Amino acid sequence: MSLIVQKFGGTSVADLVRIQEVAKRVAKTYDAGNQVAVVLSAMAGVTDHLIQMAEVLTDTPDKRELDVLMATGEQTTVALLAIALKKMGYKAKSLLGHQVRVLTDSSSGSARILDISGDAIRDLLDKGYIAVVAGFQGSDAMGNITTLGRGGSDTSAVAIAAAVNADVCEIYTDVDGVYTADPNVVPKARKLSTITYDVMLEMSGLGAKVLQIRSVEFAKKFGVPVHVRSSFNEDRDMERMVVAGVTVAKSDARITITKVPDQPGIAARIFQAVADAGISVDMIIQNTRSGNMTDVTFTVPGADYKQALEIEKKVAEEIGAEDVAGDENIAKVSITGVGMKSHPGVAARMFRALSEEGINILMISTSEIRISCVVEQKYAELAARVLHTEFGLDKKDG
Ligand code: ADP
Ligand code: ASP
Ligand code: MG
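Residues numbered from 1 in each chain as written. Chains lettered and ligands numbered in written order. Predicted model: local features only at pLDDT ≥ 70, side-chain atom pairs only at ≥ 80, totals over all residues. Heavy atoms only, no water.

Caption draft 1: Just the site of ligand 2, in detail. Neighbouring ligand 2 are S41, A42, T47, E74, F136, R150, G151, G152 and S153. With respect to ligand 2, the side chain of T47 contributes an N or O atom lying 2.8 Å from a nitrogen atom. Contact between ligand 2 and G151: an oxygen atom at 2.9 Å from a main-chain N or O atom of the residue. The residue makeup of the shell around ligand 2, split by class, is two nonpolar, five polar and two charged. (Near = heavy atom within 4 Å. Polar contact = N/O pair within 3.5 Å; in protein donor to acceptor, adjacent residues only side chain to side chain. Nonpolar A, V, L, I, M, F, W, Y, C, P; charged D, E, K, R; others polar.)

If you want it as structure tokens, here you go:
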């Protein structure tokens, strides 16, 4: 007998027929003699719709209330699944975040999990119940409902798997695994039979939304085996490569401050100002100009772009820089793989492949197992396909 956590994403619970399919799959796992805790997302599109409703009322909805609102999406699906399972003759009970006791900090909309008690779930499992847990939500020390950031049900699932010491955390979604690139962008993408936590961390951080990055952090920290599976059954496979995958992220924006006086302490002021506003900076480049001037360019999350731009306009005035310009039409295209450490020339191949398609590289950043290039957003998908072919990741029959 194993203890299995099964998480079903939005498309897997998109309507009542799908919810009944989920109930059958869960029941099958239970009938095979396993204990099963299910973690659910909201029906596909529901979270977006809830946010849109709030935004009809105001451009800046109160963050606490937005969390209360968003959490209803998952409340709906857990109740429906529990109802479906009971109708099929199984013992099932739904649990909301605060009933499990998913304790988070108070950062509405992107709360971090501080602690999870496995007791409530274990208690149900030991009594022969299927536990049906609402993903994406928790509550803070004051009892306020919080949510974990978009895609956060993955994190709920892995964190719950860690809390109950599950044998495996299965993530059911609309693809049957982690691919060498988003299969919806790169049709020739191939499925990876395995991927290390570190490479998956990079890929999630770089736009592969198949697993929310925090779920991978949890999985790595607690050694939870995670299996990504399809709710709709397909199959493709591949062997090991220098580059494991290609990712695309369109969510960042670029800010350039021109003619910055080239003096010690100036860069600190530029970046301290955004840090103080809680905005994280990703890539940074500094170009030297003549006359003791530099241009400083960096990227920030799109959601923080307007605020960061305003902040830097003030800083630019204070430090006597010439101008601040921004650009939201960018995309970050990255290649990731542990094989890079031992294969020289990977970066050069990447840059050449992009240049052969006339794609200009605006910024570059690297880590031991990753190279990222910022390009114009209109080239994002083309760049992903070109790199996928260049590094031998294309399906052989495709
Ligand atoms: P769910 O609603 O089940 O959580 P998501 O939409 O959040 O599903 O994540 C699944 C999607 O992730 C896929 O449909 C696919 O388009 C996208 N994706 C991006 N990169 C990858 C990748 N490298 N491998 C697999 N899927 C990916
Ligand atoms: N329903 C939430 C979202 O759409 C959480 C999730 O799907 O993982 O972001
Ligand atoms: Mg998701």
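Caption draft 2: Region of interest: the site of ligand 1. Close to ligand 1 lie 17 residues; T173, D174, Y179, D182 and N184 are nearest. In this structure, an oxygen atom belonging to ligand 1 sits 3.1 Å away from a side-chain N or O atom of K209. Burial of ligand 1 by the surrounding chains reaches 89%, relative to a free accessible area of 570 Å². Considered class by class, the residues forming the shell around ligand 1 number eight nonpolar, five polar and four charged. (Areas by Shrake-Rupley, 256 points an atom, 1.4 Å probe, with all protein chains shown as cover.)

Caption draft 3: Representation of the packing of aromatic side chains in the model. Taken as a whole and judged by the stated rule, the model has four aromatic pairs. Ring centres of F8 and Y172 lie 4.8 Å apart, and the angle between their planes is 10°; this geometry places the pair in the stacked category. Taken together, the residues span a long stretch of sequence, with F8 in strand 1 (residues 3-8) and Y172 in strand 9 (residues 168-173) at a distance of 164 residues. With relative accessibility at 1%, the residue F8 sits in the buried group. Residue classification places Y172 among the buried positions, given a relative accessible area of 3%. Plain terms: the ring middles of F271 and F298 are 5.0 Å apart, the flat faces sit at 70° to each other, and that makes the pair edge-to-face. Taken together, the positions of F271 in helix 9 (residues 266-276) and F298 in strand 14 (residues 293-301) put the pair 27 residues apart, joining distant regions of the chain. For the pair F271 and F298, one class covers both residues: buried. Over the ring of Y129 we find K93, and its NZ or CZ is 5.4 Å from the ring centre. (Phe/Tyr/Trp six-rings, centres within 6.5 Å; stacked < 30°, edge-to-face > 60°. Helix = DSSP H or I, 4+ residues; strand = E, 2+ residues; numbered from the N terminus. Buried < 20%, exposed > 50% of the residue type's maximum accessible area, 1.4 Å probe, protein only. Lys NZ or Arg CZ within 6 Å of the ring centre and 35° of its normal.)

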